[in-house]
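What the coordinates show
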Amino acid sequence: AEGVHLLSDAPLLAMGALAHEVRARKTDPRIVTYVIDTNPNYTNLCTVDCHFCAFYRKPGANASDAYTHDVEGVMRMMANADRLGATTVLLQGGLNPEIPWDFYPTIVREARRRYPHITPHFFSAPEIHQMVEVSGLSIRGVLEALYEAGQRTLPGGGAEILATRVRKRISIKKGGPEAWLDVHREAHRAGMRSTATMMYGHVETDAELVEHLDYIRALQDETRGFTAFVPWSYKRGNTPMESKVKHVAGASRYLRVLAASRLYLDNFDHVQASWFSEGKKTGQ
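Here the structure is a predicted model, which is why all the values come from computation and not from measurement. (Residues numbered from 1 in each chain as written. Predicted model: local features only at pLDDT ≥ 70, side-chain atom pairs only at ≥ 80, totals over all residues. Heavy atoms only, no water.)

Some remarks on the overall build of the protein
The cut-off we apply is this: Helix numbering and strand numbering both begin at the N terminus, where a helix is a DSSP run of H or I of at least 4 residues and a strand a DSSP run of E of at least 2. Buried, partly exposed and exposed residues are distinguished by accessible area as a fraction of the type maximum, computed with a 1.4 Å probe on protein chains only: under 20%, between the cut-offs, and over 50%, respectively. Only heavy atoms enter the contact rule, under which two residues are in contact if any of them lie within 4.5 Å. Accessible surface is estimated by sampling points in the Shrake-Rupley manner with a 1.4 Å probe; for residues, cover comes only from the protein chains shown. Charge counting follows a simple rule: Lys and Arg are positive, Asp and Glu are negative, and His as well as the terminal groups are ignored. We put the charge of a Lys on NZ, of an Arg on CZ, of an Asp on CG and of a Glu on CD.
What the protein contains, in helices and strands, is 11 helices and seven strands. For the protein, the spread of C-alpha atoms along the three principal axes comes to 50 × 45 × 35 Å. Residues classed as buried in the protein amount to 50% of the 284 residues present. In the protein, the share of contacts with a sequence separation of at least 24, taken over all contacts with a separation of at least 6, comes to 77%. About 13800 Å² of surface is accessible on the protein, with carbon and sulfur atoms providing 53% of the total. The positive charge centre, built from 34 side chains, and the negative charge centre, built from 32, are 4 Å apart in the protein.

Printed below as a string of structure tokens:
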């Protein structure tokens, strides 16, 4: 109930002041940390049909802009990231069943070998499930193979809103909240750290947004494996549910979500702000 109050009724500037106070207790208030990051994709072919996605192309549809990169193609993207000074590469892709299992640990291994100073922050939870499908391994087996190849962190993509009703509405093929939570629990047990994410501003209620925060707070109590929480807003353009979402979640909502998250997630050290998703002025 307190979480819903923060998202619906609490005065925004007072929330911001309280969130800043909490942040100053958790980390040195004189220091803000960041990464120089780039987000390339190794394929846009995907079988999952998420209603919020403007990115994917269906396998077999012969779209002129469909692509799947091989290992050297991914390394060219890594080289470009290196040239531009990236410290982290967040590599993700569609769920393409034609990609063989060996591709995934190979690109981790090659990224570590060729660019040891760049953190390979690769593969969302749904991609881990795709690897389980093609490899015949368990979730833990896939993650341990990636760890052995040199991967130490996992991004939080694919969470959307961790509420059963919402996931049935916008990404039914990704399964319920447990599908995402199970991957991150196993990643933490395998020695990886990960981020928790949230995409809001579509069909969720305030109570379902708080349900999402509850899930990740509980898992953090269990494993202490999350480094940061990263929220961003749904972007309507060119997506299947564009016409069904009338209200755009703007800067005020973003600042409210950041402040509410900082207050609610008592066991997260970091909440990540973004200009990539929300625009430079809001990020500032």
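Text resumes after the structure shown.
Quick look at the environment of E160
Selection criterion: The term polar contact refers here to a pair of N or O atoms within 3.5 Å; inside protein, the definition further demands a hydrogen-donor-capable atom paired with an acceptor-capable atom, and it admits residues adjacent in sequence only when both atoms are side-chain atoms.
By the secondary structure assignment, E160 is in the loop between β4 (153-154) and α7 (164-170). Once you skip the residues sitting within four places of it in the chain, E160 turns out to touch F52, R167, I170, S171, K174, T197, M198, M199 and H212. Engagement of the side chain of E160 in a polar contact is seen with the side chain of K174, the distance being 3.1 Å.

Thoughts on helix α6 (residues 139-149)
Turning to α6, its buried residues number three or more, namely I139, G141, V142, L143, L146 and A149. On the buried face of α6, the contacting elements are α4 (103-114), α5 (125-135), β4 and α8 (177-189). The positive-phi residue at the C-terminal boundary of α6 is G150, with phi of around 125°.

Looking at the environment of R262
Examined against the element boundaries, R262 turns out to sit in helix α10 (residues 251-264). The exposure class of R262 is buried, given its relative accessible area of 6%. In this structure, the C-alpha to C-alpha distance between R262 and V22, residues 240 residues apart in sequence, is 7.3 Å. Ignoring any residue separated from it by four or fewer positions in sequence, one finds R262 in contact with A19, V22, R23, K26, F268, D269, H270 and V271.

Section: the sheet that holds strand β1 (residues 37-38)
Counted only if it meets this: Pairing between strands requires that DSSP locate at least two bridges from one strand to the other.
Pairing within the open sheet is parallel, and its three strands lie in the order β1-β2-β3. Sheet topology places β1 and β3 (119-120) at the edges, where each strand pairs with a single neighbour. Relative to strand β2 (residues 88-89), β1 runs parallel, the two being bridged by two bridges. When the sheet's bridge partners are listed, D37 is paired in β2 with T88.

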